[in-house]
Amino acid sequence: MSEEQKLRQVALVSYGTLFLQGKLDLEEWYRHGIFWNARFQFRVPANKGLLADDFTLWLGSLREQGAVRLSLHLAAGLPDAEPLGMAWAERMVIVHFADRHQCWALAEELAEWRCDDDDGRSRAYPDAAYYAGEVDCYCLMEESAGVPAIPETDWKALAYAIRGDLDEGRRLSGAKPLAGYAPYCVAMRSDSEWAKLPVIPNSPQLAMPHRLLAMLDAERATFSNDTHVKNENSDYKNLSDQQTAEVTHWGQRLDSWIVEVQLRAANELRWSGGRADKNEFLRWTTPPAPLAKPAGGSATETASQPFIAAGSGGATAVKKETRWVRGLVMLLLIAIVAVFVMAGASLVVKFPWLSIFCGMIAVALLSALRK
């Protein structure tokens, strides 16, 4: 499953939900440039019957049937696809109705005239499809009673958990800052301004999904550059085997967080504002297994450490304690400086140039406190 397909899924689910709920017309987003590199198909896998050949027709039909939203999930428990000539992707879309839901699996349709290579593709002829657009083929797997519950995301707790994990064990380039709000956009084939829309709905009221996606995207770009085999200036080439394994494991944790944020952003409903319930923070995705320690156990394990739960108040308590300490230290320093100023006022009157040194000392103290 390509990165472009994953982002198309995020856009399809997030914008499609707003359409199904009557909050966004198709005219406002169906020309999104992120969809320009692919054609959509929606099929019944049993006979490969084509239900819709465009996501606009699919969404419109779902709305007429009473669908209320979409959600994006990791695909698990799907039946064997080989007899159907299909290969399932790792994510699927669920369509929610008032009393039931449908599971739509993203699949790659396998040609019957394919060779039995390891990757299932023929190497006898050049692959012209490599230069063409992808086909996002969704298959209706089942329709069941009941509606899956999608918990709301506490985005601040999620951001704290990501920083707490990724800042640990970082060996190469420094951490990327969590920048201010800007709509999260990616490079697209479109060269028209009206087609350059953000991957998820534009929402200054809910900025954290955009900020986290941009930060993680920058982290992965830097990681890929640092670990590239042709990067002769990277310290990655000089690491020991154990250090290389730790860096690789850090990259796996980064990828796991990217999937986590993409799923949560696709399933978000509060683009016009709103707050999440303070529930315990639980991962939607499975992080990579802890990295095994070398023989002797002398090296520091860089696996993902337990996070502070969103509802535990641990992170908030640490921040409040730090602010109280800094405040007391600042008051103490101000008092000391005031005493010296009053005691040396007569000297400053006689020697005005001493005021320069007093100002420099004050600036230095304030800078130290900010750090």
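Everything below is about the structure shown above.
Attention in this report is confined to the structure presented alongside it. (Residues numbered from 1 in each chain as written. Predicted model: local features only at pLDDT ≥ 70, side-chain atom pairs only at ≥ 80, totals over all residues. Heavy atoms only, no water.)

## Points about the pairing of strand E5 (residues 100-109)
Note the cut-off: The cut-offs for exposure are 20% and 50% of the maximum accessible area for each residue type, with area from a 1.4 Å probe on protein chains only; residues under the lower value are buried, those over the upper are exposed, and the others partly exposed. Numbered from the N terminus, helices here are DSSP runs of H or I no shorter than four residues, and strands are runs of E no shorter than two. One bridge is not enough; two strands pair if DSSP finds at least two bridges between them.
Counting buried positions along E5 yields 7 of 10 residues, so the element is predominantly enclosed. Here 8 bridges tie strand E4 (residues 86-96) to E5, and the two strands are oriented antiparallel to one another. Following the sheet pairing, Ile 94 is matched in E5 by Cys 103. If you look at the hairpin formed by E4 and E5, you'll find 3 residues sitting between the two strands.

## A few points about the environment of Ala 46
Within the element layout of this structure, Ala 46 appears in the loop between strand E1 (38-44) and strand E2 (49-52). Considered as a pair, Ala 46 and Met 141 are 95 residues apart in the sequence and their alpha carbons are 9.1 Å apart.

## Some details on the sheet that holds strand E3 (residues 69-74)
To be explicit about the condition: Angles run from 0 to 180 degrees between N-to-C directions of axes, and those axes are lines fitted to C-alpha atoms, restricted for helices to the stretch in contact. Should any heavy atoms of two residues lie within 4.5 Å, those residues are considered in contact.
Here 6 strands make up an open sheet; going across it, the order is E2-E1-E6-E5-E4-E3 and the pairing mixed. A strand with exactly one partner marks an edge of an open sheet, and here the two such strands are E2 and E3. Neighbour-to-neighbour, the strand axes of the sheet open up by a mean angle of 35 degrees, direction not taken into account. Strands in contact with helix H1 (residues 3-20) are E1, E3, E4, E5 and strand E6 (134-145); relative to E3, the strand with the most contacts, it is inclined by about 155 degrees. Running at roughly 165 degrees to E3, helix H5 (residues 241-266) makes contact with E3 and E4 of the sheet.

## Considering the nonpolar core
The nonpolar side chains of a soluble globular protein tend to be buried with one another. To be explicit about the condition: What we call a nonpolar core is a set of buried Ala, Val, Leu, Ile, Met, Phe, Trp, Tyr and Cys residues that are connected through their side-chain atoms within 4.5 Å.
Counting residues in hydrophobic clusters, the biggest one holds 60 residues, and the most contacted among them are Trp 29, Trp 58, Leu 59, Leu 70, Ile 162, Leu 212 and Leu 216. Sorting elements by how many residues they give to this core places H5 first, with 10 residues. Core analysis: the second largest hydrophobic core is formed by 6 residues, Met 86, Trp 88, Ala 107 and Cys 139 among them.

## Section: the environment of Lys 196
Structurally, Lys 196 can be placed in the loop between helix H3 (155-166) and helix H4 (208-226). Taking relative accessible area as the criterion, Lys 196 reaches 41% and is therefore assigned partly exposed. A sequence separation of 11 residues divides Lys 196 from Cys 185, and the C-alpha atoms of the two residues are 7.7 Å apart.

## A look at the pairing of E6
As judged from the 6 bridges shared by E1 and E6, these two strands associate in the parallel manner. Counted as the bridge partner of Phe 40 is Asp 136 from E6. Pairing of E5 with E6 involves 8 bridges; the strand directions are antiparallel. Bridging from a neighbouring strand, Cys 103 pairs with Glu 142 of E6.

## Quick word on the side chain of Lys 6
With respect to the helices and strands, Lys 6 occurs in helix H1. Classification of Lys 6 by relative accessible area gives buried; the value is 11%. Those residues within four positions of Lys 6 in sequence are excluded, and the remaining contacts are Met 1, Glu 90, Arg 91 and Gln 262.

Just geometry here; none of it tells us what the structure is for.
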